Amino acid sequence: MPRIDPRRHEADHRDDAVERFGADGLPRRDPHKEKNQRLRRELRTHSAIRIGQNARRPAAAQRIVLADDVSWIIVVSLSEEPWPDAERELLGAAHTVADEIGGGVVLVRVGFLDPATDLGQIGADRTVLLPLMTDPNALAAHVAAVIERFKACHVFFGEGGADADVARRTAILLGERPATSLHLLSSERATFQEAGGRTEVSRPLPKVATLASGRFDAYESGIAREGRRIEIELNAPAPGVRDLGVVITSQADAPLNEARFIVSAGDGVTDWEAFRGVTEALGGTIAGSRQVVDAGHLPRHRQVGASGTLVEARCYLAFGISGAPQHLQGVQRCRHVIAVNTDLHAAMVKRADLAIIADAQQVMPALTRLAGGHVDA
Ligand SMILES: Cc1cc2nc3c(=O)[nH]c(=O)nc-3n(C[C@H](O)[C@H](O)[C@H](O)COP(=O)(O)OP(=O)(O)OC[C@H]3O[C@@H](n4cnc5c(N)ncnc54)[C@H](O)[C@@H]3O)c2cc1C
């Protein structure tokens, strides 16, 4: 009978337990094992993969090559940078879904595709280049054509600026209800936060979705995808959509929910010409309190507050606004608030990071002059 050393036996078992379970009692993850499992799954799923049978590590030239008839997930990027982080995250997120359904990922880029850039390295199985166009409706129509060409199950966009706008237009064209700002997803469910960020909502993954940035890992399997460029014949945009070229609009009239710098007027503003002048000179976006909207000085969509728009500007400059709770609710996500008010004790002054206790009618032209703008004598 072999002799058993009880201390050694106990130590062996202890090590074993520590290896399999972390300090929190949960099973430990083995990233190497997971990566190998994933590669094996890909090899099983796609007969067209060309990887040396005996190779322990794939050589740089080896790639995953998918057949044309797999299920496709499309990622759309309007970025002009060669490899932006947001695009890598989209591709990584798309692969988590594609892996579950045994599919591949098509990267659709708009206007720019550097021939020297190997998009297979960041996870593109196929790439499509769409021409640069200024009309978002035409772009959405072209994206819809690519979706149709690949019979894609899902299409993902970034949530921000023009990408998010084209996402919504594409969804309308397809008659789909998009899910926006996803921060978790699987092939079946999409999770996002409701406006205000407090409630988490989960629903079946729809055809069109936008993904929150910084929430998904980039594609990293250690092996590049094919990245093959596909040419698609695109029809002219549908009748009724006219490309009017680039239209230069004033920052003053930008939508409030996108504005980075807002100049807002309350009942303490009486010189409306000076108000518009200072907003233009500072490159801000016009807004106001409900009081001035009710009085007809500004249109309803310019109202900030609980019953108007909740704004998230970097800087909110308030002229003659008292800071009623309903108004302050609208500016709570602004990073910096500046108040110009004659009343030192106004709630807006208390909320502000910087306050000017003075008549708005005098401060507005003074600021316009400082910013190099024109002031009528
Ligand atoms: C259900 C409900 C929803 C509402 N929703 C909103 C909303 O979404 N948004 C909103 O804004 N309000 C909303 N209100 C209205 C809100 O309660 C206030 O009445 C409103 O915000 C006040 O607007 P104001 O600050 O421009 O005017 P006022 O309260 O009259 O304040 C004017 C300010 O200007 C200052 N001032 C006066 N003269 C000068 C001068 N020459 N120079 C500098 N400062 C001067 C005064 O000291 C004062 O602080 C809502 C109210 C209700 C009941």
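Residues numbered from 1 in each chain as written. Predicted model: local features only at pLDDT ≥ 70, side-chain atom pairs only at ≥ 80, totals over all residues.

Visitor: Which parts of the structure should I look at to understand the overall build of the chain?
Guide: Counting its regular elements, the chain contains 10 helices and 16 strands. Residue burial in the chain is summarised as follows: out of 377 residues, 35% are buried. (Helix = DSSP H or I, 4+ residues; strand = E, 2+ residues; numbered from the N terminus. Buried ≥ 20, exposed ≤ 12 C-beta atoms within 10 Å, placed from the backbone.)

Visitor: Can you help me understand the environment of Ala-141 in this one?
Guide: Along the chain, Ala-141 falls in helix α4 (residues 136-150). C-alpha separation for the pair Ala-141 and Val-166, spaced 25 residues apart in sequence, amounts to 9.4 Å.

Visitor: Looking at this model, I keep getting lost on the sheet that holds strand β5 (residues 154-158). Mind explaining?
Guide: Two modes of strand pairing occur in sheets, parallel and antiparallel, and in both the strands are linked by backbone hydrogen bonds. Here we have 9 strands laid out as an open sheet, ordered β8-β7-β6-β9-β5-β2-β3-β4-β11, and mixed in their pairing. This sheet does not close on itself; its edge strands, each paired only once, are β8 (200-204) and β11 (228-229). Relative to strand β9 (residues 208-211), strand β6 (residues 179-185) is paired through 2 bridges, and the arrangement is parallel. Considered in β9, the bridge of Ala-179 is made with Ala-209. Strand contacts of helix α3 (residues 85-101): β2 (72-77), β3 (104-110), β5, β6 and β9, with the helix running at about 170 degrees to β2, the strand carrying the most contacts. Along the sheet, helix α5 (residues 161-174) makes contact with β2, β5 and β9, crossing β5 at roughly 155 degrees. (Pairing = 2+ DSSP bridges. Contact = placed C-beta atoms within 7 Å. Axes fitted to C-alpha atoms, helices over the stretch in contact; angles between N-to-C directions.)

Visitor: When you look at unusual backbone geometry in this model, what are you seeing that I'm missing?
Guide: It is generally the case that most residues other than glycine have a negative phi and that most peptide bonds are trans. One non-glycine residue, Lys-151, adopts positive backbone phi at about 50 degrees. Positive phi, normally seen in glycine, also occurs at Ser-181, with a value near 55 degrees. Tracing the backbone shows Ser-181 in strand β6.

Visitor: Sorry if this is basic, but what is going on with the nonpolar core here?
Guide: For soluble globular proteins, nonpolar side chains are generally found buried alongside one another. With 47 residues, the main nonpolar core has Ile-74, Val-75, Ala-94, Val-108 and Phe-156 as its most contacted residues. The element contributing the most residues to this core is α4, with 8 residues. The residues contacting Val-75, other than those within four sequence positions of it, are Leu-90, Leu-91, Ala-94, Val-105, Leu-107, Val-108 and Phe-156. Residues Ala-281, Val-292, Ile-321 and Ala-346 belong to the second largest nonpolar core, which totals 35 residues. (Core = buried A, V, L, I, M, F, W, Y, C linked by C-beta atoms within 7 Å.)

Visitor: In this structure, what is going on with the site of the ligand? I would like to understand it.
Guide: For the ligand, the set of nearby residues contains 28 residues, the closest of which are Gly-266, Gly-268, Arg-290, Gly-305 and Ser-322. Only α7 (290-294), α8 (325-331), β15 (336-341) and α10 (360-370) provide two or more residues apiece to the shell around the ligand. Partitioned by chemical class, the residues of the shell around the ligand number 8 nonpolar, 16 polar and 4 charged. (Near = placed C-beta within 6 Å. Nonpolar A, V, L, I, M, F, W, Y, C, P; charged D, E, K, R; others polar.)

Visitor: Is there a simple way to explain the pairing of strand β7 (residues 189-193) in this structure?
Guide: Burial along β7 is one-sided: the face carrying Ala-190 and Phe-192 is buried and the face carrying Arg-189, Thr-191 and Gln-193 is not. Relative to β7, β6 runs antiparallel, the two sharing 3 bridges. Bridged to Leu-184 within β7 is Thr-191. The turn linking β6 back onto β7 is made up of 3 residues. The pairing of β7 with β8 spans 5 bridges and is classified as antiparallel. Note that in β8 the partner of Thr-191 across the bridge is Ser-202.

Visitor: Help me understand the sheet that holds strand β14 (residues 315-319), please; the structure alone is not making it clear to me.
Guide: The parallel open sheet is built from 5 strands, whose spatial order is β13-β12-β14-β15-β16. Each edge of the sheet is formed by a strand with only one pairing partner; in this case those strands are β13 (285-288) and β16 (354-357). Each neighbouring strand pair of the sheet contributes to a mean axis angle of 20 degrees, computed without reference to strand direction. Pairing geometry for β14 and β15, over 5 bridges, is parallel. Across the sheet, residue Phe-319 finds its bridge partner in β15, namely Val-340. In the packing of helix α6 (residues 272-282) onto the sheet, contacts are made with β12 (261-265), β13 and β14, and the angle to β12 comes to roughly 170 degrees.

Visitor: Looking at this structure, how should I read the packing of α4 against α5?
Guide: Between two packed helices, both the angle of their axes relative to each other and the distance between the axes serve to describe the pair. Contact geometry for α4 and α5: axes closest at 8 Å, N-to-C directions at 60 degrees. By the angle class used here, α4 and α5 are oblique. Note that α4 runs across α5; the crossing there is right-handed. Of α5, the residues touching α4 (which contributes Pro-136, Asn-137, Leu-139, Ala-140, Ala-141, Val-143 and Ala-144) are Ala-162, Asp-165, Val-166, Arg-169, Thr-170, Leu-173 and Leu-174. (Parallel < 35°, antiparallel > 145°, perpendicular 65-115°, else oblique. Left-handed = near helix turned anticlockwise from the far one by under 90°.)

Visitor: Is there a simple way to think about α5 in this case?
Guide: Every α-helical turn comprises 3.6 residues, leaving residues that sit three or four positions apart pointing alike. The end-to-end C-alpha distance of α5, which contains 14 residues, comes to 21 Å, matching closely the 20 Å that a straight helix rising 1.5 Å per residue would cover. Among all positions in α5, only Asp-163, Val-166, Ala-167, Arg-169, Thr-170 and Ala-171 are buried. Of the surrounding elements, those touching the buried residues of α5 are β2, α4, β5 and β9. Just past α5, the residue Gly-175 takes up positive phi, approximately 70 degrees. (Expected span 1.5 Å × (residues − 1).)

Visitor: Help me out: how do you make sense of the packing of α6 against α10 in this one?
Guide: Put simply, α6 and α10 touch, their axes get as near as 9 Å, and they point 35 degrees apart. As for how α6 packs across α10, the hand of that crossing is left-handed. Of α10, the residues touching α6 (which contributes Ala-274, Phe-275, Gly-277, Val-278, Ala-281 and Leu-282) are Gln-361, Met-364, Pro-365, Leu-367 and Thr-368.

Visitor: Would you explain the pairing of β14 in this entry?
Guide: Regular strands show a simple pattern: their side chains alternate between the two faces of the sheet. In terms of residue burial, β14 counts as a mostly covered element, since 4 of its 5 residues are buried. By the bridge criterion, 5 bridges tie β12 to β14 in an arrangement that is parallel. Bridge pairing links Ala-265 to Phe-319 in β14. In terms of handedness, the path from β14 via α8 over to β15 forms a crossover that is right-handed. (Right-handed = clockwise from strand over helix to strand, strands pointing away.)

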